[in-house]
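Overview (structure and organization)
The primary structure of each chain is shown beneath.
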Amino acid sequence: MTVTAIQLDRARQAAPQVYERLREQIIALTLAPGSVLARNELMAQFGVSQTPIRDALLRLAEEGLVDIFPQHATVVSPIDLATARQAHFLRRSVELEVVRTLALQPDRSFMPRLQALIARQRALVDAQDLEGFVETDQSLHRQLCEAAEVPGLWALIRSRSGHLDRLRRLHLPVPGKAQSILDDHARILDAIAAGDADAAQEALRGHLSGTLSQVDEIRAKFPDYVRG
């Protein structure tokens, strides 16, 4: 692993920041499955002692994103399909209720913020900026939960979705996939704006089914990254 210095916010505890940075790199596949995370290199990279590194790695291990082999190495784990499917079940269960709640409530003050994110995603698709597209995608789903007044449930989903999110990152570069996601988002918001809870749920159900329906193709293309 190339050691590139990362500046941390000294006003915050180091371990959560190390965890966040490493998790971002793992989800983005910058640290691909099989990558070795050497503690000495991480200490040099983040400019911290062993304790924050250990705590961050333990937290990543709890999410199944790294495998820790005591006295040997810490390795980024393969994408586990069983874990990804459970995360998908959780996300679908929560977000189906979220979009239904939003479609049925009379207050539409949240819609301009969501529509602005759709416009932002459209620009990112045109610019072929997949990293920005993913960030905006996460913001949209987070803001749906916030509008439904269940922000803690988005935090729960995020903490359980590492394997699913990595699988989606492998799928995203497929031609037309980003545009398909954008179209799904537009259908969901149109249904919410129209107060049609059934249509909002149907659009969301179709939206969340895309990646898992292509698991065999993804696994065949990335056999070293996916297990199960």
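Predicted model only: the values in this text are computed from it and were never measured.

**Here's the deal with the domain arrangement of the protein**
- Splitting the protein by domain gives domain 1 (14-76) and domain 2 (81-221).
- The straight-line distance from the C-alpha centre of domain 1 to that of domain 2 is 27 Å.
- Taken together, the contact between domain 1 and domain 2 spans 10 residues of the former and 10 residues of the latter.
- Surface buried jointly by domain 1 and domain 2 totals about 860 Å² across both partners, of which 54% is contributed by carbon and sulfur atoms.
- Among the residues of domain 1 in contact with domain 2, Arg-23, Ile-27 and Leu-29 are the three that bury the most area, contributing 52% of the side total.
- Applying the counting rule to domain 1 against domain 2 returns 0 salt bridges.

**As for the packing of helix H6 (residues 130-147) against helix H9 (residues 177-193)**
- Interaxial distance between H6 and H9 falls to 12 Å at its minimum, and their mutual angle equals 20°. In this view, H6 runs roughly parallel relative to H9, as classed from their interaxial angle. Between H6 and H9 lies a crossing of left-handed hand. Mapping the contact onto sequence places Leu-130, Phe-133, Asp-137, Leu-140, His-141 and Leu-144 in H6 and Ala-178, Ile-181, Leu-182, His-185, Leu-189 and Ile-192 in H9.
- For the contact of H6 with H9, the residue count by class is 9 nonpolar, 2 polar and 1 charged.

**Things to note about the pairing of strand S1 (residues 66-69)**
- Judged from the 4 bridges that link them, S1 and strand S2 (residues 73-76) form a sheet pairing that is antiparallel. Bridging from a neighbouring strand, Val-66 pairs with Val-76 of S2.
- The hairpin turn running from S1 into S2, its antiparallel successor, is 3 residues long, and Gln-71 in that turn takes a positive phi close to 65°.

**Some points on the pattern of salt bridges**
- For the structure on display, the rule yields 13 salt bridges.
- Glu-95 serves as the salt-bridge partner of Arg-91, at 2.6 Å between the closest nitrogen and oxygen. Of the two residues, Arg-91 and Glu-95 both sit in helix H4 (residues 81-104), 4 residues apart, roughly one turn of that helix. Glu-95 carries the same exposure label as Arg-91, and that label is buried.
- Through salt bridges that share partners, Asp-137, Asp-165 and Arg-168 make up one connected network.

**Thoughts on the nonpolar core**
- In terms of nonpolar packing, the biggest core is built from 33 residues, with Leu-102 and Ile-192 touching the most fellow members.
- Here the element with the most residues in this core is H9; it accounts for 7 residues.
- In this structure Leu-102 touches Arg-108, Phe-110, Leu-144, Ala-147, Ala-148 and Ile-192, once residues within four positions along its chain are discounted.
- Ranked by size, the runner-up nonpolar core spans 19 residues in total, among them Val-18, Leu-37, Ala-56 and Val-76.

**Here we look at the packing of aromatic side chains**
- If you walk through the whole model with that rule in mind, you get 1 aromatic pair.
- Both rings, one in Phe-222 and one in Tyr-225, keep their centres 5.8 Å apart while their planes meet at 15°; by these two values the pair is stacked.
- Overall, the relative accessible area of 24% leaves Tyr-225 in the partly exposed class.
- Across the ring face of Tyr-19, the terminal group of Arg-59 is positioned such that the distance to the ring centre comes to 3.8 Å.

Cut-offs applied
- Residues numbered from 1 in each chain as written.
- Predicted model: local features only at pLDDT ≥ 70, side-chain atom pairs only at ≥ 80, totals over all residues.
- Heavy atoms only, no water.
- Domains from an automatic or database assignment.
- Contact = heavy atoms within 4.5 Å.
- Buried area = accessible area lost by both parts, 1.4 Å probe.
- Salt bridge = Lys/Arg side-chain N within 4 Å of Asp/Glu carboxyl O.
- Axes fitted to C-alpha atoms, helices over the stretch in contact; angles between N-to-C directions.
- Helix = DSSP H or I, 4+ residues; strand = E, 2+ residues; numbered from the N terminus.
- Parallel < 35°, antiparallel > 145°, perpendicular 65-115°, else oblique.
- Left-handed = near helix turned anticlockwise from the far one by under 90°.
- Nonpolar A, V, L, I, M, F, W, Y, C, P; charged D, E, K, R; others polar.
- Pairing = 2+ DSSP bridges.
- Buried < 20%, exposed > 50% of the residue type's maximum accessible area, 1.4 Å probe, protein only.
- Core = buried A, V, L, I, M, F, W, Y, C linked by side-chain atoms within 4.5 Å.
- Phe/Tyr/Trp six-rings, centres within 6.5 Å; stacked < 30°, edge-to-face > 60°.
- Lys NZ or Arg CZ within 6 Å of the ring centre and 35° of its normal.

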